[in-house]
Amino acid sequence: MATAGHVAARAGRLLTVSDDVVLLPDSTRRLRGPAVRPDARPSRPPDSHWIPGIQESGTSQVVFTNPVLVSDSAAARAPGPSDSVCSMAELPRLWVRHEVRPTERRAPIVPSDARRLVERGIAVTVEESPQRAFPIGEYAEAGCAVAPSGGWVDAPLEAYVVGLKELPDGPAELVHRHVFFGHAYKGQQGAGELLRRFAAGGGELLDIEYLVDSDGRRLAAFGHWAGYVGAALAVLRFRGTLPAPLQPSSKEALDAALGASNTGKTEPAAIVVGALGRVGRGARAALATAGIEPTCWDLEETRVLDRPALLGHDIMVNAVLTTGPTTPLLTKEDVEDPARRLSVVSDVTCDTASDWNVLPIYQHTTSWERPARRLHDDPPLEIIAIDNLPSLLPREASVAFSAELTPQLMTLGTADPAWRRCAAEFRAALERLERRERLHEAGRPRPT
Ligand SMILES: NC(=O)c1ccc[n+]([C@@H]2O[C@H](COP(=O)([O-])OP(=O)(O)OC[C@H]3O[C@@H](n4cnc5c(N)ncnc54)[C@H](O)[C@@H]3O)[C@@H](O)[C@H]2O)c1
């Protein structure tokens, strides 16, 4: 997938050459070296081989298309786009992009963590972004360079472009390494298009969802604040004070709303399922703020599901992460059960498209405009299923996420196993895509 020039960019500061220079946007200069036929090259010393090369001078980088001789020890440190490894002496260069979704106010790196990165010698460029919860001035004060929104398309090839959610529709070829939530490995909508763009440009997706430790635990996630908001919305809905449309706010404002909604009447009985996870712990924290002590279930308590006990609560928060077939927590029959007390379900998991969905009682997520949807009238049952809950508390969610991601970013470009696993997931996804497309071209149905 990688182009020669792309590999060259990754070889980075190891090489020094001079040649005729073609100026490209953003000071990226590509060199077209004199044509060197393989048979006309000087003989190769035993401990070296040919690779395309790059020279960096100041803020400009120079990529040349003809091969350069490097020693194998140097080349061993030079990364390819698919293995994300570079010299230990080389620090990654980060480029924080503007998020295109207008409601997305979160940032993957907050200014205080950007400062930590800069102090480590890591160059950080941050794009201007009108809706980001953190003003660009705070990044500039932290020592970051500032670039216009969308400037990443012209960023130096060795930069890691860091974001959270979807990329804009262009360019068609993605040449950089991108760190973000791609949602592209499980056949999601638009997944094929995104992977094809990476394949076309020789870039790489390092999907944060797959940045895991050796036990498969995610190293940077938004779960806590998703659970906090998900449970808070359920309580507000139960108490009849949930506003619509929802607006991003602060924890202080959300807690004040929870306090104001508490009229001193009998507290609702709430249950959190998946209570030991990140989302579950966040949900329990919000319920505690609301003065509610919930029933907490995790794997152990659902092994044999006590359905009547579940239906005997007023509020349920689903915080389960399924990794295989599981007994559903609620079914259509439960929705129609006349004895059901449960009236508000906040499904933080929002796994509607998954075969392992534990709440197959609704099909479509709800939105900030209409956060709750009625599933049944008598007895009433409403679902809240918002798939971008942490964006409603953008500052708190960003601070917590950035604290987890920043130490990982410090190891980007090294042989760190977590990033290697991430890169391997990307390669596997590309291979699956290629296989599907080959089958399609051969006229056979694509496997799902
Ligand atoms: N809606 C949103 O905006 C949003 C944001 C972040 C995360 N999420 C989703 O929330 C879910 C939970 O994420 P997390 O970070 O808390 O995961 P996690 O791995 O930290 O926690 C999941 C918990 O579910 C438990 N669990 C698994 N199967 C269970 C079962 N059958 N019964 C009871 N408990 C079970 C696990 O033991 C674990 O404690 C994920 O699906 C995630 O994608 C949604």
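Residues numbered from 1 in each chain as written. Predicted model: local features only at pLDDT ≥ 70, side-chain atom pairs only at ≥ 80, totals over all residues. Heavy atoms only, no water.

1. Overview of the sheet that holds strand β5 (residues 93-96)
If you walk across this open sheet you meet the six strands as β7-β6-β5-β8-β9-β10, and the pairing is parallel. The sheet terminates laterally at β7 (145-147) and β10 (204-207), the two strands that pair on one side only. Sheet twist, expressed as the mean angle between neighbouring strand axes with direction ignored, is 25 degrees. One ladder, built from four bridges, connects strand β9 (residues 177-180) with β10; its direction is parallel. Counterpart to H178 in the pairing with β10 is L205. Sheet strands in contact with helix α13 (residues 417-441) are β9 and β10, and its direction is about 125 degrees off that of β10. (Pairing = 2+ DSSP bridges. Helix = DSSP H or I, 4+ residues; strand = E, 2+ residues; numbered from the N terminus. Axes fitted to C-alpha atoms, helices over the stretch in contact; angles between N-to-C directions. Contact = heavy atoms within 4.5 Å.)

2. Details of the site of the ligand
By nearness alone, 21 residues border the ligand, and V279, D298, T302, V348 and L389 come closest of all. At 2.7 Å, a side-chain N or O of T302 approaches a nitrogen atom of the ligand. One of the backbone nitrogen or oxygen atoms of I386 is found 3.0 Å away from a nitrogen atom of the ligand. With the chains in place, 80% of the 860 Å² that the ligand exposes on its own is no longer accessible. Breaking the shell around the ligand down by element, the ones donating at least two residues are α8 (278-289) and α9 (299-302). (Near = heavy atom within 4 Å. Polar contact = N/O pair within 3.5 Å; in protein donor to acceptor, adjacent residues only side chain to side chain. Areas by Shrake-Rupley, 256 points an atom, 1.4 Å probe, with all protein chains shown as cover.)

3. A closer look at the pattern of salt bridges
Across all of its chains, the model carries 17 salt bridges by this definition. E158 is paired through a salt bridge with R93; the nearest N and O atoms lie 3.7 Å apart. Taken together, the residues E158 in the loop between β7 and β8 (159-162) and R93 in strand β5 connect sequence positions 65 residues apart. Accessibility assignment for this pair places E158 and R93 in one class, buried. Among the salt bridges present, the one from D314 reaches R341, with a minimum N-O distance of 2.9 Å. Here R341 lies in the loop between α11 (332-336) and β14 (344-347) and D314 lies in the loop between α10 (307-311) and β13 (315-318), a separation of 27 residues in the sequence. Looking at D314, the relative accessible area reads 9%, which means it is buried. Through salt bridges with shared partners, one network takes in R237, R374, D377 and E382. (Salt bridge = Lys/Arg side-chain N within 4 Å of Asp/Glu carboxyl O. Buried < 20%, exposed > 50% of the residue type's maximum accessible area, 1.4 Å probe, protein only.)

4. Some points on helix α7 (residues 251-261)
Within the sequence span of α7, burial applies to L254, D255, L258 and S261. When α7 is viewed along its axis, its buried side chains cluster within an angular range of 125 degrees and face the same direction. Opposite the buried face of α7, at more than 90 degrees from it, the exposed residues are E252 and A260. Among the structural elements, α6 (223-238) and α8 are those in contact with the buried residues of α7. (Arc of directions from axis to C-beta.)

5. Quick notes on helix α5 (residues 191-201)
Within α5, eight of the 11 residues are buried, which leaves the element mostly enclosed by the surrounding structure. Of all the residues in α5, the buried ones are A191, G192, L194, L195, R197, F198, A199 and G201. Residue G202 follows α5 closely and has a positive phi angle near 80 degrees.

6. Concerning the sheet that holds strand β15 (residues 372-376)
Sheet architecture is open: six strands sit in the order β12-β11-β13-β14-β16-β15, paired in mixed fashion. In this open sheet, the two strands that pair with only one neighbour each are β12 (295-297) and β15. The sheet shows a mean angle of 20 degrees between the axes of neighbouring strands, direction not considered. By the bridge criterion, three bridges tie strand β11 (residues 270-273) to β12 in an arrangement that is parallel. Looking across to β12, one finds that V272 is bridged to C296. Along the sheet face, α6 touches β13, β14, β15 and β16 (381-384) and points at about 160 degrees away from the line of β14. Contacts from α8 reach β11, β12 and β13, with the element oriented near 165 degrees to β11.

7. What about the packing of aromatic side chains?
According to the stated counting rule, one finds six aromatic pairs in the structure shown. With 6.3 Å between their ring centres and 50 degrees between their planes, F181 and F222 make a pair best called tilted. Of this pair, F181 sits in the loop between β9 and α5 while F222 sits in the loop between β10 and α6, and the two are 41 residues apart along the sequence. Note on F181: relative accessible area 7%, which makes it buried. On the accessibility criterion, F222 (11% relative accessible area) is buried. One aromatic cluster in this structure is built from F181, F222 and F401. Over the aromatic face of F222 sits the side chain of R106, whose NZ or CZ is 4.2 Å from the ring centroid. (Phe/Tyr/Trp six-rings, centres within 6.5 Å; stacked < 30°, edge-to-face > 60°. Lys NZ or Arg CZ within 6 Å of the ring centre and 35° of its normal.)

8. Overview of the confidence of the model for the protein chain
For residues with low pLDDT, the predicted coordinates do not support detailed interpretation. Overall, the predicted model of the protein chain reaches an average pLDDT of 82, with 79% of residues at or above 70. Confidence over residues 1-88 falls short of pLDDT 50; this stretch has 185 contacts with residues more than four positions distant or in other chains. (pLDDT = per-residue confidence, 0-100.)

9. Side note on the pairing of β8
Of the two faces of β8, the one holding A159 and V161 and the one holding Y160 and V162 are both buried throughout. Sheet topology note: the β5/β8 ladder contains four bridges and is parallel. Directly across from V96, in β8, lies its bridge partner V162. Where β8 lies against β9, three bridges are found, and the strand directions are parallel. What sits directly across from Y160, in β9, is R177.

10. Description of the packing of α5 against α13
At a minimum axis distance of 10 Å, the contact between α5 and α13 shows a crossing angle of 105 degrees. Looking at the two axes, α5 sits roughly perpendicular to α13. In this structure, α5 contributes G192, L195, R196, F198 and A199 to the contact, and α13 contributes F426, A429, L430, L433 and E437. In terms of residue class, the contact of α5 with α13 is built from seven nonpolar, one polar and two charged. (Parallel < 35°, antiparallel > 145°, perpendicular 65-115°, else oblique. Nonpolar A, V, L, I, M, F, W, Y, C, P; charged D, E, K, R; others polar.)

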